[in-house]
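Here are the chains, one letter per residue:
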Amino acid sequence: MFIEKVLCACLIIATLSGINTVRAQQSPRGLTAADVLRVADVSDARISPDGEWVVYVVSVTEGEGRRGSLWMARAARSLQLSPMVGLSVPAPVQLNTGGVSASNPRWSPDGRRIAFAGAREGQSGIWVMSPPSSILAERQMRLVATVRETNFHIAYAGERFAWSPDGRRIAYISATDEDAATDFGAPPITSATTTTATTARGDDPRVIDRIQYKSRASFSDRLRTHIWVAEVDDAAAPPRQLTSGMFYDHAVAWHPRGDEVAFLSNRETDPDAVNNSDIYAVALDGRTRRITETRGSEYEPAWSPDGRWIAHTATTRDVTTIDSISEDTHVWIVEASSGGSRRELATGLNRRARAPRWSPDSGAVFFLAGDRGRTLIFRAGIDGSPARPLFDRFTPGTLDEESDPHDLPSRPYQISSFSLNARGVPAFAFTLGDTLHPAEVWIGDAAGKVARRATGHNDSLLRSVALVEPEDISFRSFDGTMVQGWLIKPLGMRATDSRRQPLILSIHGGPHGMYGYGFNPAFQAYAARGYGVLYLNPRGSSGYGQKFSDGTFREWGGGDYRDLMTGVDEVVRTRSWIDENRLGVTGGSYGGFMTNWIITQTPRFRAAVAVASVSNLVSFYGTSLYQDLIHAEFGGFPWDDYELLWRWSPLRYVRAVETPTMFIHGELDNDVHITQAEEMYTALRRRGVEAVFIRYPREGHSLREPRHRQDATERTLAWFDKHLKF
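Residues numbered from 1 in each chain as written. Predicted model: local features only at pLDDT ≥ 70, side-chain atom pairs only at ≥ 80, totals over all residues. Heavy atoms only, no water.

**As for the overall build of the protein chain**
Along the protein chain, the regular secondary structure elements total twelve helices and 36 strands. Contacts in the protein chain between residues far apart in sequence, at least 24 positions, make up 61% of those at least 6 positions apart. In the structure as shown, the protein chain presents an accessible area of about 29,400 Å², 50% of it carried by carbon and sulfur atoms. (Helix = DSSP H or I, 4+ residues; strand = E, 2+ residues; numbered from the N terminus. Contact = heavy atoms within 4.5 Å. Areas by Shrake-Rupley, 256 points an atom, 1.4 Å probe, with all protein chains shown as cover.)

And the structure:
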């Protein structure tokens, strides 16, 4: 009965879809700054153990923020159903309503229940519900364990909770108060004295006695995260804390026998000074053992179904920063019982990997890896067989060129999350998007070749707007290195148009980020406003191998700057529609650094917008929460070579700036402290260069409040309009 109701609803939606398609064809319009907030973020697709259903998260703008909801779609029939008008599968159903914010859905091993992280009416923790037999699923939710959060920045935190193999317990991460007197030799702090993070009154002093005293948007508290276990069906049994101490334990995974929980922890003498997480395991009686002891950092532990191995990602270098790692993480396995026989899988891939998942037979590990703008699922056998991509229609012989529109897209794409079922006919669920479509849930077959779309949460928005497909470009940089990028034409531009158009160069963060074949609503808003958009992956970007990622070592603004300028030269030379006298540049974080660097090196850009930008690497070191980024990127401490940092600081060359520049920054940003924008802004104004400084209260490194996000986009467009449209 439930499926019949859903199919009926699907036919109604399909009819409305046809009407909306006609309307969109009659009056297409471009994406606006307000439309950017309408994009639904679809993530964390989790297929049920029997492969029948998939549960996932949809985050939408609601009130003053983004709210996540759980949805469920039919997986088993997705590959067999014939596509209907406007939709290919039965309509998904929302599981939680009534003001509940939810994330991280995880199926119980028997597939009868779903646990998730959620908050409602002040209750935050791990909830459990049963999959619906009707739309009244929200009434079945039950809080299993209250979770206490820390605001401390835990690098690559991993799984927040996990079901035990028998489905009776859930292991989870929750924070506890620890004895401040043992905090790395710090003096005792009495109740009358304030701690690092909190104050009894606003005018009380804060006592700072550790390196990592900042979190991303506040001061770090003194809570430490540890492993807890809750009984799912025994409400009278209190949760048990399994680990303790002055550590941050995180990223849980159960042994298939159910007698141990693997986790990550940094147990260096001073974890604030040395980022080095290793894999540990704790028994249900609290006995803890160490599994790995390496100089690099381990992440994302995943126990093999047979209990023999733990798969994980890891780095190998002595210095691993807590943010923007230059070293590519690769997939490893280690014997769970002894920590021996540790070896890397897929050694020939040379790509940054994440999210390892085991095959049901323990014979292979699946994982995500970025490759030249694409992100795909790869399979690596533990027997040493080479890694191969799944659902890659661009590998010869995998898919026919002629395909149904609900099959894998004909253009390249990015996969952002995936899972596979534990029994029955093997199948995958994953989230996939491309340059013209935000990510949706797809269901794929066991062979990793054929997949069909299971959801359409952004279909209504896409039917109402006109978009521009980016053009894939490649060129040889100054030293012969191949660089990849994308170029978007202004919306509505015709081949017969004789007037040249303005172009915006947008630079990604990192420096080890990666632009690619994903949907970027901001770029579409720029195009709708009449701008071409150029975005590139200069050296330093991930997805092109370790040597390319290391291309910014000890020279931020060296080869990467020359890559960017060569790319601008290339498109100006080969595309007659670009007006080289109306160029703008923008970027956030490292992209903001590069925006500041560019305006000090060349006057060719008539307007710039620097977002969350770095201007002075010397002062950045002492004000950022991740000083180890300087250690990793420049090979040591600032006082060993101040001149090196000053040489690559945009502020040093501020006398050369002529470009009108807007600075956008969150007032609580501890990744890149707002003083970085203040230094650059003040210098430009003192020199008489047109500049404006937009400060957003309550915001950290990225803007979260919807009205701030829309405001920043509108101000960016207005700034470029002022200086580029003449």
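**Things to note about the packing of helix H6 (residues 559-574) against helix H7 (residues 590-601)**
Axis separation between H6 and H7 bottoms out at 11 Å; the angle between their running directions is 75 degrees. Here H6 is positioned roughly perpendicular relative to H7, judged by the angle of their axes. From H6, Asp560, Tyr561, Leu564 and Met565 reach across to H7, where they touch Tyr590, Met594, Trp597, Ile598 and Gln601. Class assignment for the residues of the contact of H6 with H7 results in seven nonpolar, one polar and one charged. (Axes fitted to C-alpha atoms, helices over the stretch in contact; angles between N-to-C directions. Parallel < 35°, antiparallel > 145°, perpendicular 65-115°, else oblique. Nonpolar A, V, L, I, M, F, W, Y, C, P; charged D, E, K, R; others polar.)

**Notes on unusual backbone geometry**
Residue Gly510 is joined to Pro511 through a cis peptide bond whose omega torsion reads 15 degrees. Unlike most non-glycine residues, Ser324 shows phi in positive territory, near 55 degrees. Relative to the elements of secondary structure, Ser324 occurs in the loop between strand E18 (309-314) and strand E19 (330-335). Positive phi is not limited to glycine here, since Ala612 has a value of about 45 degrees. For Ala612, the location among the structural elements is in the loop between strand E34 (607-611) and helix H8 (617-623). The exposure class assigned to Ala612 is buried, which follows from its relative accessible area of 3%. (Buried < 20%, exposed > 50% of the residue type's maximum accessible area, 1.4 Å probe, protein only.)

**Looking at the side chain of Arg582**
Position of Arg582 among the secondary structure elements: in strand E33 (residues 578-588). A distance of 2.5 Å separates a polar side-chain atom of Arg582 from the backbone oxygen of Arg500. A polar side-chain atom of Arg582 sits 3.1 Å from the main-chain carbonyl oxygen of Leu724. Setting aside anything within four residues of it in sequence, one finds Arg582 in contact with Arg499, Arg500, Gln501, Pro502, Leu503, Arg606, Leu724, Lys725 and Phe726. (Polar contact = N/O pair within 3.5 Å; in protein donor to acceptor, adjacent residues only side chain to side chain.)

**A few points about the sheet that holds strand E4 (residues 93-94)**
Taken in spatial order, the four strands make up an open sheet running E1-E2-E3-E4, and their pairing is antiparallel. Every interior strand has two partners, whereas the edge strands, strand E1 (41-47) and E4, have only one. In this sheet, E4 lies alongside strand E3 (residues 65-74) in antiparallel orientation, the contact comprising two bridges. By the bridge assignment for E4, Met72 is matched with Val93. (Pairing = 2+ DSSP bridges.)

**Examining the pattern of salt bridges**
Evaluation of the coordinates by the stated rule reveals 50 salt bridges. For the salt bridge of Asp41 with Arg66, the shortest nitrogen-to-oxygen distance reads 2.7 Å. Taken together, the residues Asp41 in strand E1 and Arg66 in strand E3 connect sequence positions 25 residues apart. For Asp41, a relative accessible area of 41% puts it in the partly exposed group. Residue Arg66 is classed as partly exposed on the basis of its relative accessible area of 28%. Between Asp318 and Arg295 there is a salt bridge whose closest N-O contact spans 3.4 Å. Of the two residues, Asp318 is situated in the loop between E18 and E19 and Arg295 in the loop between strand E16 (288-290) and strand E17 (298-303); the sequence distance between them amounts to 23 residues. (Salt bridge = Lys/Arg side-chain N within 4 Å of Asp/Glu carboxyl O.)

**Concerning the pairing of strand E25 (residues 414-420)**
With five of seven residues buried, E25 is to be regarded as a mostly interior element. Across six bridges, the pairing between E25 and strand E26 (residues 427-434) is antiparallel. In the sheet register, Phe418 faces E26, and the bridge partner there is Phe430.

**Concerning helix H4 (residues 521-528)**
The element H4 is extensively covered by neighbouring structure, given that six of its eight residues are classed as buried. The complete set of buried residues in H4 reads Pro521, Phe523, Gln524, Ala525, Tyr526 and Ala527. Buried residues in H4 make contact with helix H2 (33-36), strand E30 (482-488), strand E31 (501-507), strand E32 (532-537), E33 and helix H12 (706-724). Measuring from the side-chain oxygen of the N-cap residue of H4 to the backbone nitrogen of Ala522 gives 3.2 Å; that N-cap residue is Asn520. Once H4 finishes, Gly530 follows within two positions and takes phi at roughly 105 degrees, a positive value.

**Things to note about the sheet that holds strand E15 (residues 278-283)**
Within the open sheet, the four strands sit side by side as E13-E14-E15-E16. Their pairing is antiparallel. Two strands bound the open sheet, and with one partner strand each, they are strand E13 (250-254) and E16. Across the sheet, the mean angle separating the axes of adjacent strands is 25 degrees when strand polarity is ignored. As paired elements, E15 and E16 share three bridges and run antiparallel to each other. Within E16, the residue paired with Ala281 across the bridge is Arg289.

**Remarks on the nonpolar core**
Judged by nonpolar contacts, the single largest core of 56 residues is most densely connected at Leu505, Leu534, Met594 and Ile598. With residues near it in sequence (within four places) discarded, Leu505 still touches Leu534, Leu536, Leu564, Met565, Val568, Gly584, Val585, Thr586, Ile598 and Phe605. Counting 33 residues, the second-largest nonpolar core is a separate cluster that includes Leu349, Ala353, Trp358 and Leu432. (Core = buried A, V, L, I, M, F, W, Y, C linked by side-chain atoms within 4.5 Å.)

**As for a nonpolar patch on the surface**
Where nonpolar side chains cluster on the molecular surface, the patch consists of Phe637, Trp639 and Tyr642 and spans about 350 Å² of accessible area. Tracing the sequence through the fold places Tyr642 in helix H10 (residues 642-647). (Patch = residues over 30% accessible without salt bridge, like charges linked within 9 Å, V, L, I, M, F, W, Y side chains within 5 Å.)

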